[in-house]
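Structure at a glance
Residues per chain, in single letters:
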Amino acid sequence: MAEDNVNIANKNSEATKPTVSAFDEDLEAPYYDERSVTISCVHNYSAYRKANMKVLGQKREVIGSSITSSRVLSSNAKEVEAYFPALLGISANNENFVARVKAWLNNIHFEVRDKDVVLDTSFRYDHKKDYLEVKKQEDAICSEYEKADRANQDELRKALKLKIDKLNALESTKYQYGKPANLEEYLMYRHCLLYKEVAKDTAFINSDTSIRFYIKDEAREAELRKKLIAERKTAMTNFVELSGTKEKFDAVYLAVCQRRNDNMTEALGRDNSARQQVVMDYVNSNPDKFNKLYNDKHIILKATIENLILRGELVRTDYNQQITKADGTFIGANINDAIAWFENPANKGERTIFENKLKH
Amino acid sequence: MYKLREVSRGRYDDRGYSNEESIANLMLSKPAEINRTLTYTFGMDDDRFPLSFLTEGQGASGVKSIETETWTWKTMGRLHFNDYVVYAPSSGYPGQGGAMFDIEFATHWLIEQWSLVAPDGVTQVRIMADLGEGTHGGYLYRVKLWNPDPNAYVSTEHLATGKYWTMTAPTIPASYSKGNRSNSMGPGKMTSQLEYHRYSKEIAGNISNTIVEYEFKTNSGGTTNLWINEEMRQFEIQKRIAEEERLWIANYNLNENGEITMLDRDNGKPIRSTAGMMEICRESNYATYGETLTLNLIERTIGDVLDKDTDTGTMEVVLGCGKGFWQDFDGAMRDAATNNGFVDALGDKMIEEFDGGLSYGKYFRRYKTIDNHIITLKHLAFLDKGSLADNDKSNGNIHPKSGLPMTSHQAFLLDFSTYEGTRNVRMVRLKGQEHIIGILKGLTPIPASWGSVPNNAISTEIDMSRYEVKSTIGLQVDNNRKMMQLKCVL
C-alpha cells in the first residue's frame, strides 16, 4: 500500500528545466510551462486556541480527501490512465487499477506545516502550440471570473464555481498534450481546486469557518498586478481626455453612478466638482471598468436612454430589462436592443423628439 | 417507545403519586443529585445524551464544581528533541570541505555541543556555536558536518523551511571542554470558562389539574394521564437535549484581550460560551476523508493520534461516531480483509443460520493497530438524529452514497480514560449555581412535579405560574492530545 500514500509536504521538486524558452517561435517544439501555486494556512484561530496558544501551539493542518475531488478526479478515464500507472506502479489494465486509483485519492493526507507549501504545477507540453491554446482558454476563464461583482457574495460564489468547473475541465484535457513535471504535486493542486476547505479566492476566507487554507497563484497574481498598473495608466490618460468633452463625461458619470448603485436623482443634482470626484474615485478603484466605459462607443446614447427612463419618458420594467415607451409600446428587451432601436434610421424622427425632450 | 391508551377525560384532583411527589421534593432540596439521576435514566433509555452520561451521569468523579466562571489547569506534554528550520542556505554546497554554515531554527531548544540529525536520518552535524537570535524570528546555530569526506555536503532539501532536525547527545574532546546546558519543560496552563443556561416553563389556567384521554409513561416507570406530567417530561428532555448538544457544539468566546463581544440585549451583560467537545476535538487533531474511508487513512490519522502519548492508567479511548461513519469504518475493514484474501473467513462471519433460514450481516466495530492500540466505535445517536442532523437533512446536506446527513459521517476520538485517579473528561459547574430551580407562583395551580410552595401566597398578580431553571455548564478535558475529529466532506 506504500504507493497509495500521499505525503508530499514540503517536498522539493527537482523538475527538469525547460529545453525550449517561452519566446521560441517554433510552435511544434516542446514547451515547458514553469509554474507553481502556494497553499497557505488561513490561521484563522479560534478564541479557544488563542487563549491556550502556549500549550496547544500552532495547529497541525492537514488537507484530507473529499467526495467531490475523489469522484471528479477519477471520472476522466483517459486522464486517469495517463497519469496513475506511474504513480501506483501498476498498468491501467490491471484488474485492481480503478480500486487503487480510488484508494490513492481517498488516502490523500497532505500536511501544510506552519506556513505555506509550494506545489510545483509545471507542465511539459509536447508542442508549444498546445500550451498557447491552453493558456488562451485559461486566460478567458479567469477574465470571465474577474468580471463578477466582488461586492455581491452570491454572484461571486456562482462565478467561482463556474470558474473551478471550467478550470478543472480544461486541466483534465492537458494529459493529451504532455505531462506534469511533478505528478504528485500537480494532482495535489487539482485536488485543492476541488477541496472545499481550500479557498480559491481570498474573498471567501472569512465567510466560511470550514475554510482552513487558500490558494495563492503567485504567477497569476503578479500578472494581474501588472495588468492593473497598465489599466491604471490608460485610465489616467482617458480621464484627462474625458474631462474635455462634457457630453461624454456626463454619460460616463451617469454609468459610474449606476454601477455604484447611487440614488440617480441625487446623482444628477451634484455639481461638476463632485461629479469629477466620483469619476476619479472610480478610476482609482476600477481602472479596467472605467476604461471599458470610456471605450464604449454607445456610452452617450446609453446615457440618453437612461435619462429618458429617469424622466419617465421610457419605462424599464422591474422584473426584467425590457424597455418600453410610456404608453407601453415596445422598444427593446434590454439596453442593447434599445440602442439598436434608437440607431435604426426608421426611428430617426422619434429619436429626435426624445432627444429634444431632454433639452428642456 | 411507549403506547398511548385512551382513558376518559375529566378533572383530576388527587396529588397522590408518591414517586412523583418524592422526586419533586428532591428537586427543590437537592437539585444537583436529581439532575444526575435523570441524566442517567435518560442515558440508559435513550442514547441521545452520551456526553452527559459519561460525565454527569458517572456521579462525583465526572463532575467538578468550581468557585469561579473561568478555570485553568496544568498540562505537561512529552519531552521533544527536534526543531524545524526557519532559514538556511538554499543554494551551493553547505558544509563542503569541512566548512561551517549557519541554520536558523524556530526556537532556542537546540543546544551547543549537541549533534543534529537531518530529515534523511543519516546526515549529521554538530552544533559548534549558539549564535543567539536570528533575523528570521528564530535562533541561529553554526554547524559543521560530521562526515570527514571533503566532498560531502548537506543537501539543501534538508535545509528547506519547515524541515525538522533532531538532537542527539553532546560530544566533546577528551579534556578542557566547557559545559553546555540542558532543556527542561514546565507545565503549560490551559483555560476555559463556564456558560449559563436558563429554561422557563409557564403555565396558566387549570393546566396542572387537567387530565387527557391518553396515558403517558412517567420517568419513574409508571403511567399518568395528567397532561402537565407529560409536558414537564418533554420540558426535561428538551432541556437535556439542548444541554447535551451545547456540550458538543459550544465555541469558547473569551478573546485574547479578556473581552466577550456577545452582550445581552436587555442588560448589556456579557454572555459566556464554553469550549464544547467538537471544538476541543477539532482544535486538537482534525482530518477529513472522502468517498470511502480506508484502513490506511485510519492508521495515519487515528492511529497516529493514539500514538502520541504513553498510555498510563486505565485507557478508555472510544471513537464516537454517527451511523454513516460506522458504515464507512466497516467498509474500510471489509476492504482490507478482502484485499488480504480473508474472503472466506469474512463470508463465514457474515452469513449464518438463523431460525431455519439464513442471516446476513455482522459488522466491524473494533480495530487493533500494530502497536496494540484498540479503536472501539461507540454510536453517537445525536449525529444521526439530533438537531444538527435534522438541519443537514432539511438543507439537503446528504451523503451521496448512504443518504444519511453529513453529520452522521463523522467521528470523534474521545479519551475518557482516568489519569492518576482523575477522569480525563469532566463536566464543570459553578458552585451554588449548578442547577437552581425557582417557582414564580400566581393564581395558576402548581403541579406536583414542581414541588411544594405555600398554598395561599402568590408572587404575581397575573393568572399564571412559572417554573424557572438556571444552570451552569462547562467541559473540562485534562489531556486533549488523544482527542480528534475525523469527518467526511463533500
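Anything mentioned here points back to the structure above.
Residues numbered from 1 in each chain as written. Chains lettered and ligands numbered in written order. Predicted model: local features only at pLDDT ≥ 70, side-chain atom pairs only at ≥ 80, totals over all residues. Heavy atoms only, no water.

1. A word on the overall build of chain A
Inclusion rule: Where helices and strands are cited, they refer to DSSP runs of H or I of at least four residues and of E of at least two residues respectively, numbered from the N terminus. Relative accessibility decides the category of a residue: with a 1.4 Å probe and only protein chains considered, values under 20% of the type maximum give buried, values over 50% give exposed, and everything between is partly exposed. By the convention used here, residues are in contact when the closest approach between their heavy atoms is within 4.5 Å. Only the protein chains shown count as cover for residues, and all accessible areas are computed by the Shrake-Rupley method using a 1.4 Å probe.
The helix and strand tally for chain A stands at 16 helices and 12 strands. When the 360 residues of chain A are sorted by exposure, 45% land in the buried category. Across chain A, every contact between residues at least 6 apart in sequence was considered, and the portion connecting residues at least 24 apart equals 67%. Accessible area for chain A stands at about 18,700 Å²; split by element, carbon and sulfur atoms hold 51% of it.

2. Focus: the sheet that holds strand S9 (residues 164–170) of chain B
Heads up, the condition is: Criterion used throughout: strands pair if DSSP finds at least two bridges between them. Whenever a helix is involved, its axis is fitted only over the stretch in contact; in every case the axis is a line through C-alpha atoms, and angles between N-to-C directions fall within 0 to 180 degrees.
One closed barrel holds the six strands; their spatial order is S4-S5-S8-S7-S6-S9 (chain B), and the pairing between them is antiparallel. Averaged over all neighbouring strand pairs, the angle between strand axes comes to 50°, with direction disregarded.

3. Some words on the packing of aromatic side chains
Between two aromatic rings, the relevant description is the distance of the centres plus the angle of the planes. Test applied: In this scheme Phe, Tyr and Trp rings, the latter by its six-membered ring, pair at centre separations within 6.5 Å, and the angle between planes marks the pair as stacked below 30 degrees, edge-to-face above 60, and tilted otherwise. A ring has a charge above it when a Lys NZ or an Arg CZ is no more than 6 Å from the ring centre and no more than 35 degrees off the ring normal.
Under the definition given, this model contains 20 aromatic pairs over all chains. On the numbers, 5.9 Å between centres and 80° between planes, the contact of Tyr83 of chain A with Tyr186 of chain A is edge-to-face. Here Tyr186 of chain A lies in helix H8 (residues 183–194) and Tyr83 of chain A lies in helix H4 (residues 77–88), a separation of 103 residues in the sequence. Judged by relative accessible area, Tyr83 of chain A falls into the buried class, the value being 3%. Relative to Tyr153 of chain B, the ring of Tyr93 of chain B has its centre 4.8 Å away and its plane inclined at 85°; by these criteria the two rings are edge-to-face. Here Tyr93 of chain B is found in the loop between strand S4 (82–87) and strand S5 (101–105), whereas its partner Tyr153 of chain B is found in the loop between strand S8 (139–145) and S9, with 60 residues between them in sequence. Under the relative-accessibility criterion, Tyr93 of chain B is labelled exposed at 53%. Residue classification places Tyr153 of chain B among the partly exposed positions, given a relative accessible area of 39%. Clustering of aromatic rings is evident, with ring pairs tying together Tyr31, Tyr83, Phe123, Tyr125, Tyr131 and Tyr186 of chain A. The cationic tip of Arg49 of chain A hangs over the ring face of Tyr45 of chain A; the distance from NZ or CZ to the ring centre is 5.9 Å.

4. Topic: the interface of chain B and chain A
How large an interface is tends to be reported as the accessible area lost when its parts come together. Going by this rule: Each of two parts loses accessible area, computed with a 1.4 Å probe, when they are put together; buried area is these two losses added. We define a salt bridge as a contact between a side-chain nitrogen of Lys or Arg and a carboxyl oxygen of Asp or Glu at a distance within 4 Å. Pairing of N or O atoms within 3.5 Å defines a polar contact, subject to two protein rules: one partner must be a possible hydrogen donor and the other a possible acceptor, and residues neighboring in sequence count only if both atoms are side-chain atoms. Throughout this entry, Asp, Glu, Lys and Arg are counted as charged residues, while Ala, Val, Leu, Ile, Met, Phe, Trp, Tyr, Cys and Pro are counted as nonpolar. The remaining residues, Gly among them, count as polar.
Taken together, the 44 residues of chain B in the interface contact 37 residues of chain A. For the pair chain B and chain A, the two sides together bury roughly 3,500 Å², of which 50% comes from carbon and sulfur. Among the residues of chain B in contact with chain A, Glu283, Glu291 and Arg300 of chain B are the three that bury the most area, contributing 21% of the side total. For the pair chain B and chain A, the interface holds three salt bridges. As a salt-bridge pair, Arg49 of chain A and Glu283 of chain B come within 2.5 Å of each other at their nearest N and O atoms. Joining chain B to chain A, the criterion identifies 14 residue pairs in polar contact (both at pLDDT 80 or more). Elements that contribute at least two residues to the side of chain B that touches chain A include exactly strand S3 (70–75), strand S10 (188–193), helix H5 (277–284), strand S14 (286–289) and helix H6 (295–306) of chain B. Of the residues in the side of chain B that touches chain A, the class split is 17 nonpolar, 16 polar and 11 charged.

5. With respect to the environment of Leu383 of chain B
All names here are of chain B. Tracing the chain through its elements places Leu383 in helix H9 (residues 382–385). It is 8.0 Å that separates the C-alpha atoms of Leu383 and Gln410, two residues lying 27 residues apart in sequence. When residues no more than four places from it in sequence are discounted, the contact partners of Leu383 are Met278, Cys321, Gly322, Ala389, Pro405, Thr407, Ser408, Gln410 and Phe412.

6. A few points about unusual backbone geometry
Residues and elements named next belong to chain B. One non-glycine residue, Gln113, adopts positive backbone phi at about 80°. With respect to the secondary-structure elements, Gln113 resides in the loop between S5 and strand S6 (114–117). Given the relative accessible area of 6%, Gln113 is considered buried. Backbone geometry at Asp355 places phi at a positive 50°, although glycine is not the residue there. Tracing the sequence through the fold places Asp355 in the loop between strand S16 (351–354) and strand S17 (357–360). Here Asp355 falls in the exposed class, since its relative accessible area comes to 75%.

7. What to know about the pattern of salt bridges
When their charged atoms lie close together, side chains carrying opposite charge are able to pair. Inspection of every chain in the model, using the stated rule, returns 39 salt bridges over all chains. Residue Glu355 of chain A pairs with Arg351 of chain A through a salt bridge whose shortest N-O separation is 2.9 Å. With Glu355 of chain A and Arg351 of chain A both in helix H16 (residues 348–359), this residue pair falls four residues apart, about one helical turn. Take Glu355 of chain A: its relative accessible area is 28%, and that puts it in the partly exposed class. With a shortest N-O distance of 3.5 Å, Glu67 of chain B and Lys431 of chain B are connected by a salt bridge. A residue pair is termed long-range when its members are at least 10 positions apart, and Glu67 of chain B in the loop between strand S2 (63–66) and S3 and Lys431 of chain B in the loop between strand S23 (425–430) and strand S24 (435–440) qualify at 364 residues. Looking at Glu67 of chain B, the relative accessible area reads 62%, which means it is exposed. Three or more residues joined by partner-sharing salt bridges are found here, namely Arg198, Glu202, Arg466 and Glu468 of chain B.

8. Section: a positive patch on the surface
Formally: Patch definition: residues above 30% relative accessible area lacking any salt bridge, with like charges linked at up to 9 Å and the nonpolar side chains Val, Leu, Ile, Met, Phe, Trp and Tyr linked at up to 5 Å. Lys and Arg are tallied as positive, Asp and Glu as negative. Neither His nor the chain termini are counted. Positions of charges follow a simple convention, taking NZ of Lys, CZ of Arg, CG of Asp or CD of Glu.
A surface patch of like charges, here positive, comprises Lys147, Arg259, Lys289 and Lys292 of chain A. With respect to the helices, strands and loops of the structure, Arg259 of chain A is situated in helix H10 (residues 246–259).

9. A word on a nonpolar patch on the surface
Together, Ile351, Leu358 and Tyr360 of chain B make up a nonpolar patch on the protein surface, roughly 380 Å² of accessible area in all. With respect to the element layout, Tyr360 of chain B can be found in strand S17.

10. A look at the nonpolar core
To keep it simple, the criterion reads: Working definition of a nonpolar core: buried Ala, Val, Leu, Ile, Met, Phe, Trp, Tyr and Cys residues. They are joined through side-chain atoms within 4.5 Å.
Counting 54 residues, the largest nonpolar core has Ile39, Ile63, Tyr83, Phe84, Trp104 and Leu119 of chain A as the members making the most contacts within it. Ranked by the residues each element gives to this core, the list is headed by H8 of chain A, at eight residues. Counting residues in hydrophobic clusters, the runner-up holds 35 residues, among them Phe382, Leu383, Val425 and Met483 of chain B.

11. Let's talk about the pairing of S23 of chain B
All names here are of chain B. Counting buried positions along S23 yields six of six residues, so the element is predominantly enclosed. Both faces of S23 are covered, namely the face carrying Val425, Met427 and Arg429 and the face carrying Arg426, Val428 and Leu430. For S2 and S23, the ladder comprises four bridges, and the chain directions are parallel. Across the sheet, residue Lys64 finds its bridge partner in S23, namely Val428. Where S23 lies against strand S25 (residues 464–477), four bridges are found, and the strand directions are antiparallel. Bridging from a neighbouring strand, Met427 pairs with Leu475 of S25.

12. Quick notes on the sheet that holds strand S18 (residues 366–368) of chain B
Residue and element names in this part refer to chain B. A sheet is described by the order of its strands in space; here six strands give the open sequence S14-S26-S20-S15-S19-S18, paired in mixed fashion. The sheet terminates laterally at S14 and S18, the two strands that pair on one side only. Averaged over all pairs of adjacent strands, the angle between their axes in this sheet comes to 20°, without regard to strand direction. The pairing of strand S15 (residues 317–321) with strand S19 (residues 374–379) spans four bridges and is parallel. Bridge pairing in S19 places Leu319 opposite Leu377. Contacting S14, strand S20 (410–415) and strand S26 (484–488), H5 runs over the sheet at an angle of about 90° to S20. Relative to S19, helix H7 (residues 323–339) is tilted by about 145°, and along the sheet it contacts S14, S15, S18, S19, S20 and S26.

13. Structural notes on the packing of helix H7 (residues 153–171) of chain A against H8 of chain A
Residues and elements named next belong to chain A. Stated precisely, the cut-off is as follows: Throughout, the term roughly parallel applies to angles under 35 degrees, roughly antiparallel to angles over 145, roughly perpendicular to angles from 65 to 115, and oblique to all others. For any helix crossing, the convention is left-handed if the near helix is rotated counterclockwise from the far helix by under a right angle, and right-handed if that rotation is clockwise.
Following both chains from N to C, one finds H7 and H8 inclined at 155°, their axes separated by 10 Å at the closest point. Taken together, H7 and H8 sit at an angle that is classed as roughly antiparallel. As for how H7 packs across H8, the hand of that crossing is left-handed. Of H8, the residues touching H7 (which contributes Ile164, Asn168 and Glu171) are Tyr186, Tyr189, Arg190, Leu193 and Leu194. Residues belonging to the contact of H7 with H8 are distributed by class as follows: five nonpolar, one polar and two charged.

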